[in-house]
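As a plain string of letters, each chain reads:
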Amino acid sequence: MVLRVDGFGVTWTVEPGDSVAVEETGPHPGCPPMLVVTGGTVVSLALPTDLGQWPACVAFLLRLRDGVDDLAALLTARTAVPGGRDGNGNGEG
């Protein structure tokens, strides 16, 4: 994993050896689980310890999942037709 900080924030370039895991940090709500991506650098997505904020975090994680699914579909379409587009330019067919 290569991290770059620029005017847009942090950019993470995915590498083949990167891995993703969910890790428990403790048994009680004050120690929520974390999403951890490891490679050359470790990136952890930490959740707030306030349980009242967890529903908003769940909504974010679902949007993140949907975005990752869309990106994977776009990459699959583009690699299926090297040098071609994915159809209508928005990641669908």
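Here the structure is a predicted model, which means the values were calculated and not measured. (Residues numbered from 1 in each chain as written. Predicted model: local features only at pLDDT ≥ 70, side-chain atom pairs only at ≥ 80, totals over all residues. Heavy atoms only, no water.)

**Focus on the sheet that holds strand E3 (residues 19-23)**
Piece 1. Ordered by their spatial adjacency, three strands build an open sheet running E3-E4-E5, and the pairing between neighbours is antiparallel. With partners counted over all chains shown, the strands left at the sheet margins are E3 and strand E5 (42-45), one partner each. Along the sheet, successive strands turn relative to each other by an average axial angle of 20°, direction set aside.
Piece 2. In this sheet, strand E4 (residues 34-38) lies alongside E3 in antiparallel orientation, the contact comprising five bridges. Paired with Ala21 across the bridge in E4 is Val36. (Pairing = 2+ DSSP bridges. Helix = DSSP H or I, 4+ residues; strand = E, 2+ residues; numbered from the N terminus. Axes fitted to C-alpha atoms, helices over the stretch in contact; angles between N-to-C directions.)

**Details of the environment of Ser44**
Piece 1. Relative to the elements of secondary structure, Ser44 occurs in strand E5.
Piece 2. Along the backbone, Ser44 and Glu23 are 21 residues apart, and their C-alpha atoms lie at a distance of 9.5 Å.
Piece 3. Setting aside anything within four residues of it in sequence, one finds Ser44 in contact with Met34, Leu35 and Val36. (Contact = heavy atoms within 4.5 Å.)

**With respect to the pattern of salt bridges**
Piece 1. Taken as a whole and assessed by the stated rule, the structure comprises one salt bridge.
Piece 2. The salt bridge involving Asp66 is made with Arg65; its shortest N-O contact spans 3.3 Å.
Piece 3. Accessibility expressed as a relative area gives 38% for Asp66, which makes it partly exposed. (Salt bridge = Lys/Arg side-chain N within 4 Å of Asp/Glu carboxyl O. Buried < 20%, exposed > 50% of the residue type's maximum accessible area, 1.4 Å probe, protein only.)

**Looking at the confidence of the model for the protein chain**
Piece 1. For the protein chain, the mean per-residue pLDDT works out to 84, and 87% of the residues sit at or above 70.
Piece 2. Across the protein chain, the secondary-structure element scoring lowest on mean pLDDT is strand E1 (residues 2-6), at 77, and the one scoring highest is helix H1 (residues 54-80), at 93. (pLDDT = per-residue confidence, 0-100.)

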